[in-house]
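Observations on the three-dimensional arrangement
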Amino acid sequence: MDFDIKQILDNLQHKKKLVSINISPKSVVEIAEIEKQTHKIINYTSVPIQYNSFSKQIENFADFESALKKAFLELGFSLNSSVYLSIPTVITSHQVFPASLEDDSIKLSLTAEVEKNYIFKKYDPSISYYRIPTENPDNAFLCYTAIQSEQLAQIVSVLEGVGIKILAVDSNYSSMLRGIIASNKIERLIVDENRKWNVVLITPNSYNILAMSGSNLIEIFEEPLAVKSFNEDEVYQVIADSLNLSLVNYPADQMVIVSQSDDVSAEILMSSVNSDVVMSYIEDNKFTKKPIVEVGFNVVQSKAQKISPEIVGISLWAEHPDSFRFNFVDTVVELSTDSILINIMGRDVELTSKLLETISIILVVLIVLFVGVLYGLGYMLESAQNKAYEDVVEKVGIIEKSLENKPQARGISLEEFLQNTYTNNKDMSKSYNAIGEEIPAMLWIEEFEMGDSLALYMKGSAYTMDDVLNYYDSLKRLGRFNDLKISSLKVADTTYNTQDYSVSPQVEKVYEFVLGQPVYSLFNAVPAAAGTAQTQAGTDPNAADISGSKKVNPAKPAPAPSDSELPPPPTTLPKQDTN
């Protein structure tokens, strides 16, 4: 039998490609392949999709999937490729936290912050944040971004559904900033020396000032501006006048103006802005004359003019691990540069070029061994199959006989019924114990309810936010509560009068919190008739109701103790549940 192992490998293998996808709020999807060493775009295309810029959502995911397949087919890319993905986000902002605050507490606080946005009143947020280097060891300076969890899950589902492996999911903002740096529109020395520079981003509805320090975004300023409401003669002067006032607060060594609006040319606007710093511009609109980076011969000129800073930036996501970037998913380790992917039964297996010769020899040996022992294995397999069949028949008979004698309880076996009852009672007991296990000294509970389904509602106050977060974490870890979340966390100033009226009242900061939703709100809203068991139970503040929940009567906190009387704040984390 004459065959060529090298030819077989050539048919199976394909060189690894660095494929990137950018979902643009301008209702297009960009697909690109970049050469890492030169930042040259060697393959590129863009296809339209239906994107609603008001609701920040892809409107038709079937069309989105078709657009992806069309783009990959046009470029000759395998749908089994690994990709970096850039998506439009709803919020990008900054926040400062104590440096010792843990990631879970940070995400809880950020979730409460982003839920103030109108979109996240309807959809749960997915949050990613980046710790910006700072000289202050006591504080953590964070830049965070958020997208609807449902929207992110649908995008990921479409990509993975067609076989695409996602390496990272970043924000359009951070992708754009990396693309601007790669375009050499900003002096590389300014970035390397962590000097200050600004990006002025013009969108159809606003302009933004992105204050940069090296490769890190340190501040964002947004000014709403209805660009289309001005005529062509006055729009530049209106934007320039507003920018001249705003840029005073953001001193920098260089500035890049980027226009994503077809009604504003970045080049013309640059001549209208009164600034002493060195300026450059990028046209990401109909005024584009040439691509922002070098392109290869495979890229059609009409397509090259549509290359955005975002698709360039997301292509370089893994180039500088310490640079400003987000990631909404767990990142898979990137394949090495000289790697080769061998596709076996629809799955990519990574190899290095140095191993190909060795693998070829191994394949030949395996084939020869397979042919040599095939005849002998046939007889052995037949005997083993007959024996296995007899064993299965015997076991099936034993199982059928045992099932006939098992008592049933409402459609399930007695063992299953007892096991379920034991588990439910155990979970209820552990959850009751968790409520009083780790109550901080400066936190008090005003009200709580717990139903049979282990849904918990709790209302209370504390003198520090750390006590609230630590107690919430304790309940999550030690209890078995059903989908427990922080429903409300706010600050209230509470005044306590001293007995000496010659002294001014003391004002203490109190954090009011609510966990979960009322379990028996409808039941508690209707007073029980006099003489009933419910009325009698209600006279005892600690009595359990008919459903097993417990209600603690609200009580006002005692006057705030003096500083000398206050116990020290908690210094330990909640206990881990080892059961």
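Bear in mind that the values here come from a model prediction, so they are computed numbers and not experimental data.

**Some words on the confidence of the model for the protein chain**
Residues with a pLDDT of 70 or more make up 75% of the protein chain, whose mean pLDDT is 78. Looking over the protein chain, one finds the lowest element-wise mean pLDDT in helix H15 (residues 533-538), namely 39, and the highest in strand E15 (residues 254-259), namely 95. pLDDT under 50 marks residues 560-567. Its contacts with residues more than four places away, or in other chains, come to 8 contacts.

**Examining the sheet that holds strand E9 (residues 125-132)**
With antiparallel pairing, 3 strands are arranged side by side in an open sheet as E8-E10-E9. Two strands close off the open sheet at either side, each with one partner strand: strand E8 (91-98) and E9. Each strand of the sheet is rotated relative to its neighbour by a mean of 30°, with strand direction disregarded. Pairing of E8 with strand E10 (residues 139-148), which is carried by 8 bridges, proceeds in the antiparallel orientation. Residue pairing across strands places Phe 97 opposite Ala 140, the latter belonging to E10. Strands E9 and E10 of the sheet are contacted by helix H4 (residues 149-161), whose axis makes an angle of about 70° with E10.

**Comments concerning the environment of Ser 46**
By the secondary structure assignment, Ser 46 is in strand E4 (residues 40-48). Expressed as a C-alpha distance, the spacing of Ser 46 and Ala 304, which sit 258 residues apart in the sequence, is 9.7 Å. If sequence neighbours within four positions are ignored, Ser 46 has contacts with Val 29, Glu 30, Lys 303 and Lys 306.

**Focus: the sheet that holds strand E12 (residues 196-202)**
Taken together, the 5 strands give an open sheet; going across it, the order is E14-E13-E12-E15-E16, and neighbouring strands pair in mixed fashion. Across the chains shown, the open sheet's two edge strands, defined by having one partner strand only, are strand E14 (216-224) and strand E16 (278-283). On average, each strand axis in the sheet is inclined to that of its neighbour by 20°, with strand direction left out of account. Bridge analysis of strand E13 (residues 206-213) against E14 gives 8 bridges, and the strand direction is antiparallel. Looking across to E14, one finds that Leu 210 is bridged to Ile 220. Along the sheet, helix H5 (residues 172-182) makes contact with E12, E13, E14, E15 and E16, crossing E12 at roughly 120°. Sheet strands in contact with helix H7 (residues 232-246) are E12, E13 and E14, and its direction is about 35° off that of E13.

**Here's the deal with H4**
Residue pairs spaced three or four apart in an α-helix point in one direction, given the helix's 3.6 residues per turn. Between its terminal C-alpha atoms H4 stretches 18 Å, which fits the 18 Å expected from 13 residues at 1.5 Å a residue. Taken together, the buried positions of H4 are occupied by Gln 151, Leu 152, Ile 155, Val 156, Val 158 and Leu 159. Looking down the long axis of H4, one finds its buried residues gathered within 160° of arc, a one-sided arrangement. Along H4, exposed side chains directed more than 90 degrees from the buried face belong to Glu 160 and Gly 161. Of the residues trailing H4, Gly 163 is marked for its positive phi of about 105°.

**Focus on the packing of aromatic side chains**
Counting across every chain of the model gives 9 aromatic pairs. Judged by centre distance (5.7 Å) and plane angle (35°), the ring pair of Phe 54 and Tyr 118 falls under tilted. In this pair, Phe 54 is assigned in the loop between strand E5 (51-52) and strand E6 (57-58) and Tyr 118 in the loop between helix H3 (103-114) and E9, connecting sequence segments 64 residues apart. Residue classification places Tyr 118 among the partly exposed residues on the basis of a relative accessible area of 46%.

**Overview of helix H2 (residues 61-75)**
For H2, with 15 residues, the first-to-last C-alpha span of 21 Å sits near the 21 Å given by 1.5 Å per residue. When H2 is considered as a whole, its buried residues turn out to be Phe 61, Phe 64, Ala 67, Leu 68, Ala 71, Phe 72 and Leu 75. Viewed along the axis of H2, the buried residues span an arc of 125°, placing them on a single side of the element. For H2, exposure combined with an orientation more than 90 degrees from the buried face picks out Ala 62, Lys 70 and Leu 73. If you follow the buried residues of H2, they end up packed against strand E2 (19-24), strand E3 (28-35), E4, E6, strand E7 (82-87) and H4. With a side-chain oxygen positioned 3.1 Å from the backbone nitrogen of Ala 62, the residue opening H2 is Asn 60. Of the residues one or two after H2, Gly 76 is the one with positive phi, at around 75°.

The rules we used
- Throughout this description, residue numbers start from 1 for each chain and increase along the sequence as written.
- It should be noted that, the model being predicted, local features are given only for residues of pLDDT at least 70 and side-chain atom pairs only at 80 or more, the latter also being counted only at that level, while totals for whole chains, interfaces and linings use all residues.
- Heavy atoms from the whole structure form the basis of all side-chain values; hydrogens and water molecules are not counted.
- A residue's pLDDT is simply how confident the predictor is in it, with values from 0 to 100.
- In DSSP terms, a helix is any run of H or I states spanning at least four residues, a strand is any run of E spanning at least two, and both are numbered starting from the N terminus.
- Should any heavy atoms of two residues lie within 4.5 Å, those residues are counted as being in contact.
- Strand pairing is assigned whenever DSSP detects at least two bridges linking the two strands.
- Axis lines are fitted to C-alpha atoms, over the contacting stretch for helices. Their N-to-C directions set the angle, which ranges from 0 to 180 degrees.
- Helix span, as expected, comes to 1.5 Å for every residue beyond the first.
- Three labels apply to residues, based on accessible area from a 1.4 Å probe with only protein chains included: buried if under 20% of the type maximum, exposed if over 50%, partly exposed otherwise in between.
- Regarding the arc, it is the one traced by the directions from the helix axis to the C-beta atoms.
- When two rings of Phe, Tyr or Trp (its six-membered ring) have centres within 6.5 Å they constitute a pair, described as stacked for plane angles under 30 degrees, edge-to-face for angles over 60, and tilted for the intermediate range.
- Pairs of N or O atoms are called polar contacts if they sit within 3.5 Å, as long as, within protein, a hydrogen donor faces a hydrogen acceptor (for residues adjacent in sequence, only side-chain-to-side-chain pairs).

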